[in-house]
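# Observations on chain architecture
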Amino acid sequence: MITAKQMFQLRDTGGAVAISEEEAPLSKERILRSQGEEVGALGKMQVKDLRAWFGKTEIIKGVSLSVADKRVTAIIGPSGCGKSTFIRCLNRMHEVVPKAHVAGRVLLDGVDIYDRKIDPVKIRSRVGMVFQRPNPFPTMSIRENVLAGLKLNGVKVSRPDELVEQVLEQAALWGEVKDILNRSGASLSGGQQQRLCIARALALKPEILLMDEPCSALDPIATSRIEELIHSIGKVCTIVIVTHNMQQAARVSQYTAFFYMGELVEFNDTDILFTKPGNQRTEDYITGRFG
Amino acid sequence: MGVYQRRKFVDGVMRSWCILATLFAVIPLFSLLAYVLLKGVGGLNWSFFIELPKPVGELGGGIGNALLGSFVLLAIASIFGIPVGVFAGVYLSEFGANPFGKLVRFCADVMSGVPSILIGIFVYTLVVLPMRSPSAFAGGIALGILMLPTIIRTTEELIKLVPNSLREAGLALGMAKWRVILRVVLPAGMSGIATGVMLAIARAFGETAPLLFTAGSYPFWSVHLNKRISSLPVQIYEYAGSPYEEWHQQAWAAALVLVVMVLILNLAAKLLTSSRSHAR
Ligand SMILES: Nc1ncnc2c1ncn2[C@@H]1O[C@H](COP(=O)(O)OP(=O)(O)O)[C@@H](O)[C@H]1O
Ligand SMILES: [Mg+2]
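If you're wondering where the values come from, they're calculated on a predicted model, not measured in any experiment.

### A closer look at the domain arrangement of chain B
All names here are of chain B. For chain B, the assigned domains are domain 1 (3–41) and domain 2 (49–279). The straight-line distance from the C-alpha centre of domain 1 to that of domain 2 is 33 Å. Tallying the contact residues gives 6 residues for domain 1 and 5 residues for domain 2. In the side of domain 1 that touches domain 2, the residues fall into 4 nonpolar, 1 polar and 1 charged.

Dropping the structure here:
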């Protein structure tokens, strides 16, 4: 286990570490090392031997990886390989499904979110999530949707108007909705709804934002708008994005993990993974030989 | 006769049969409404709505206290029945996938089929006997119990219709489960639940049997919870059961008022439903 002191040192130098990560991309050695206890603390989140089940079926079969701070990590893989299940383990959303359970460790800033003393509700406000289908609250206005995570949790917002403007701006939606903030969130188009959901998650100032195929229900124009905003948000917030679209992974992410049948086959710099994959199955998948 | 003609013939027979059956079903319905309207409308005037019943032999008199009593009873019933029913329904939908939930669901279904006079007897033993007198309180409880099964089951069904993605959206925002239910799930099902509540109230409004020995009757103004209270259905029951011609007239007029009230409540429920489907 790392000590608290080490953790704080690492946190204090967080910026520097991140830059060095960019300069010296994750080599294979580093991936291997990153599964060790100490080096693993470099990232924002370390996943260690994670296993997840639905009933008796093991869906995630021992995955370890490290999520770099203020970077975009993409997760790709054929449909049904467990991508959604995996990221739902990162904010303890997997366990809300009846009969689902998890084993292994997920360290957020070095602290295991599956520790018995940890309240999953607190974790979810630190690790936000955007789902595949936009799901704004239909009974609330656009403004109320943005503030929902705070207001409904009983948090007093000192300057709500400023916050609403700021996060809607961040989600590239402000211009389109600034005059209709009191209209129902359900009245927006699919792409706008998804950006509203992103704004709603950002309002909680999450340390990590998980996105599960956020564009798969959207048209190409809406998709490219979301990709742009992932790009800009990814500079200030750690993002893990699931996508079955490899071009998208290549466009938005710095690191990419390839999942296959519940296992992590390869994890590397996005550039390297797509140009010089180190594994035959990865190569087969990205060249379209299966999937 | 060719296959085609035969088919046409059978089709014609079936169609006429269905039309006839529908007419048969509709005739009593319409004639009842028409009859109540015809007989009742003559007795209606302003004082009928605001006056107390008069003793036999005196002309005039009204159902003012009975109307007030009905509203008092419904208010008590709602104060007790709506929260209990809605939260029981929420429980069944969100946590009811266990033997206890099954039992509650079964009881609610049985209860909705129980003759309402049994509810009257039940409340009589449980509330009226200890209090030693029929009362508005006891009557309200009886109507509340009568409303429960409808409210529980409609709430459960409507809460189940709220998409799971909304619950997940709430949970993923770091909301505790009870907050998600209270602030996200319930509001999303609210207009539908309101429809169910309206229908339950409409049904309770017309019930006589559970009130006969729980609320009793009382020929004066009253809003006291611990005293007997008059209600529209019981007033009709008394007027209609009397041997006096003037009182029969009063009964028809009161019946018309009752029918119109129930109709209004049902229409309100309909409107709520259609405004909901409009919003979607
Ligand atoms: N609620 C569930 N209950 C049981 N099995 C499930 C459930 N959700 C997903 N699965 C199964 O888990 C596997 C992985 O699913 P998922 O994580 O959604 O894959 P992906 O997101 O990569 O398409 C699939 O085989 C799927 O059938
Ligand atoms: Mg998925």
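### Thoughts on the nonpolar core
One finds A199 of chain A together with I201 of chain B to be the most contacted residues of the largest nonpolar core, which totals 135 residues. For this core, the element with the highest residue contribution is helix α8 (residues 177–206) of chain B, accounting for 15 residues. Residues contacting A199 of chain A, with those up to four places away along its chain left out, are V146, V167, L168, Q170, A171 and L173 of chain A. Membership of the second largest hydrophobic core comes to 14 residues, among which are A66, I236, A251 and V257 of chain B.

### Looking at the site of ligand 1
Neighbouring residues of ligand 1: F54, I59, G77, S79, G80, C81, G82, K83, S84, T85 and V97 of chain A. Classifying every residue of the shell around ligand 1 gives 4 nonpolar, 6 polar and 1 charged.

### Section: the pairing of strand β10 (residues 263–269) of chain A
Residues and elements named next belong to chain A. Summarising burial for β10: 5 of the 7 residues are buried, a large majority. Pairing of strand β9 (residues 255–260) with β10, which is carried by 6 bridges, proceeds in the antiparallel orientation. By the bridge assignment for β10, T256 is matched with N268. Counting the residues in the hairpin turn of β9 and β10 gives 2 residues, including M261, whose phi is positive at 50°.

What counts and what doesn't
- The written sequence of each chain sets the order in which its residues are numbered from 1.
- Labels follow written order: the first chain is A, the first ligand is 1, and so on.
- In view of the model being predicted, local features appear only for residues whose pLDDT reaches at least 70, and side-chain atom pairs are presented and counted only at 80 or more, with totals across whole chains, interfaces and linings using the full set of residues.
- For each domain, the first and last residues come from an automatic or database assignment.
- Contact between residues is assigned whenever the C-beta positions, reconstructed from backbone atoms, fall within 7 Å.
- Note on residue classes: Ala, Val, Leu, Ile, Met, Phe, Trp, Tyr, Cys and Pro are nonpolar, Asp, Glu, Lys and Arg are charged, and everything else, Gly too, is polar.
- Throughout this description, the term nonpolar core refers to a group of buried Ala, Val, Leu, Ile, Met, Phe, Trp, Tyr and Cys residues whose C-beta atoms join them within 7 Å.
- Field definition: a residue is buried when 20 or more other C-beta atoms are found within 10 Å of its C-beta, exposed when 12 or fewer are, and partly exposed for counts in between, with C-beta atoms placed from the backbone.
- Every helix listed is a DSSP run of H or I at least four residues long, and every strand listed is a run of E at least two residues long, numbered separately from the N terminus.
- Note on definitions: a residue is near a molecule or strand provided its C-beta atom, placed from the backbone, lies within 6 Å of it.
- When DSSP finds at least two bridges between two strands, those strands are taken to pair.

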